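Spelled out from the first residue to the last, the chains are:
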Amino acid sequence: MLRYGLGRLAGLLGVLLVTSFVVFASVHLAPGDPVTFLLHGRPATPQTVAALRAEYHLDDPLLVQYAKWLGGVLHGDLGRSAQYHQDVSTLLGSRLGGTFLLVGYSAVLVAAGGVAAGVLAALRPGLVDRIVLIGTGVATATPSFVSAIALVSLFSVQLGWFPGPGGTPDGFGDRLYHLTLPAFALATTFAGLLARVTRSAMLDELGREHVDVARARGVAGRTVIRRHVLRNSLGPVVTVGGTMLAGLLVTTSVVETAFDVPGMGSLLVQSVSAQDFAVVQAVTLLSVAAFVLVNLAVDLLAPLIDPRLTLHGEGTS
């Protein structure tokens, strides 16, 4: 496992290196000039423009700019934000907490709601199964921004149960209260997908021979479900759930923007609009790193949860 983990980690570092160059090149080759934003529409002399371009290394060749940026990243220097006039690392540090709390809250909702709905559908064929399938189908097909609009309209505007976008939370409990609607908006699609995966895995296990043998021997129904069905279904559920966790990390921008949550997603949207290259590169690279690290953790945990799987993702005979 150690050798496999080190090999995967080396491969992921290669992925990050290639991704970092693609992101850097894409951002710098995009139309528009960041100097225009830095000047805020004010007239400037050619000397001022040249000084700004030299300060932010905008006149260097692309590969030279990338080498300087990558060297800074390896030393913990993510550059300086042209929009906020702060070090990018400091700026991200102030936003990470909000994003991680939102993603963690959403992940709990996805795990609890998705697994519960999937188990219920598998164990209650007929009307209940059809209701769950219809509900999860609607949830899966509903984009996060549509969920956000519907939740704000119903629970914030009409019922007044939760605060609307914006506001300043006071304490951890109030912060969770303010994040409830954003967390549900972010979790809806993923919970529907996980429910369907759980249902499929449960039905697959319910049809296996060892389950029929256990029932024929008089083993209690709840024991059969818990030991032979639910436990053996956890492998694909955890694998897909881990991928969804990574997906939550990289899809927060819409929800954070809709609810005015001060997180990395909203920061990314603002930075793209302002052509703040350093922030866009840092947020994108951090999101990709989180995605690949979560996938690596899932790959390593899957065989421990389900011994029938190997580290290479193949089933044992």
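Before reading further, recall that the structure is shown in the block above.
Our subject in this report is the structure included herewith. Along each chain, the written sequence defines residue order, and numbers are assigned to residues from 1. Owing to the predicted nature of the model, reporting of local features is limited to residues with pLDDT of at least 70; listing and counting of side-chain atom pairs is limited to 80 or more, with chain, interface and lining totals taken over all residues. The side-chain values count all of the structure's non-hydrogen atoms but skip hydrogen atoms and water molecules.

With that settled, the discussion passes to the overall build of the protein. Labels follow the DSSP assignment, with helices taken as runs of H or I lasting at least four residues and strands as runs of E lasting at least two, numbered in each case from the N terminus. Within the protein, the secondary structure is distributed over 13 helices and 0 strands. When the helices and strands of the protein are listed from N to C terminus, the series reads α-α-α-α-α-α-α-α-α-α-α-α-α. When burial is assessed residue by residue, the protein has 38% of its 317 residues classed as buried. Of the roughly 16800 Å² of accessible surface on the protein, a fraction of 66% belongs to carbon and sulfur atoms. Three exposure classes are used, based on accessible area relative to the maximum for each residue type with a 1.4 Å probe and protein chains only: buried under 20%, partly exposed in between, and exposed over 50%. Shrake-Rupley sampling with a 1.4 Å probe provides the accessible areas, and residues are treated as covered by the protein chains on show and by no other component.

What follows deals with the layout of surface pockets. Lining residues are defined by having an atom within 4 Å of a point belonging to a cavity or pocket. Those points lie on a 1 Å grid over the protein atoms alone, cavities being sets where a 1.4 Å probe fits but cannot get out and pockets being open sets with protein on both sides within 12 Å along at least five of seven lines. Grid points are joined across faces, edges and corners, and a volume is the space filled by probe spheres set on the points. Here the second largest pocket is characterised by a volume of approximately 310 Å³. Nonpolar residues are Ala, Val, Leu, Ile, Met, Phe, Trp, Tyr, Cys and Pro. Charged residues are Asp, Glu, Lys and Arg, and all others, Gly as well, are polar. Partitioning the lining of the second largest pocket into residue classes produces 12 nonpolar, 1 polar and no charged.

Now for the packing of aromatic side chains. By convention here, two paired aromatic rings are described through the distance between centres and the angle between planes. Only rings of Phe, Tyr and Trp enter the pairing, Trp through its six-membered ring, and a pair is recorded when the two centres are within 6.5 Å. The plane angle decides the type: under 30 degrees is stacked, over 60 is edge-to-face, the rest tilted. All told, the structure shown has 5 aromatic pairs when counted by the stated rule. Relative to Trp 69, the ring of Tyr 66 lies with its centre 6.2 Å away and its plane at 40 degrees, an arrangement referred to as tilted. Taken as a pair, Tyr 66 and Trp 69 lie in helix 4 (residues 62-74) at a separation of 3 residues, close to a single helical turn. The class of Trp 69 is buried, set by a relative accessible area of 10%. Where Phe 155 meets Trp 161, the ring centres are 5.8 Å apart and the plane angle is 40 degrees; that geometry is what we call tilted. Taking the relative accessible area as the measure of exposure, Phe 155 reaches 22% and is therefore partly exposed. Taken together through their ring pairs, the aromatic side chains of Phe 155, Trp 161, Phe 162 and Tyr 177 make up a single cluster.

Right, let's talk about the pattern of salt bridges for a bit. Between side chains of opposite charge, pairing is possible as soon as their charged atoms come close. For this document, the term salt bridge refers to a Lys or Arg side-chain nitrogen within 4 Å of an Asp or Glu carboxyl oxygen. Counted according to the given criterion, the structure contains 1 salt bridge. Close ionic contact of Asp 129 with Arg 199 constitutes a salt bridge, the shortest N to O distance being 2.7 Å. Here Asp 129, found in helix 6 (residues 127-141), pairs with Arg 199, found in helix 8 (residues 172-206); they are 70 residues apart in sequence, far enough to count as distant. Judged by its relative accessible area of 11%, Asp 129 is buried.

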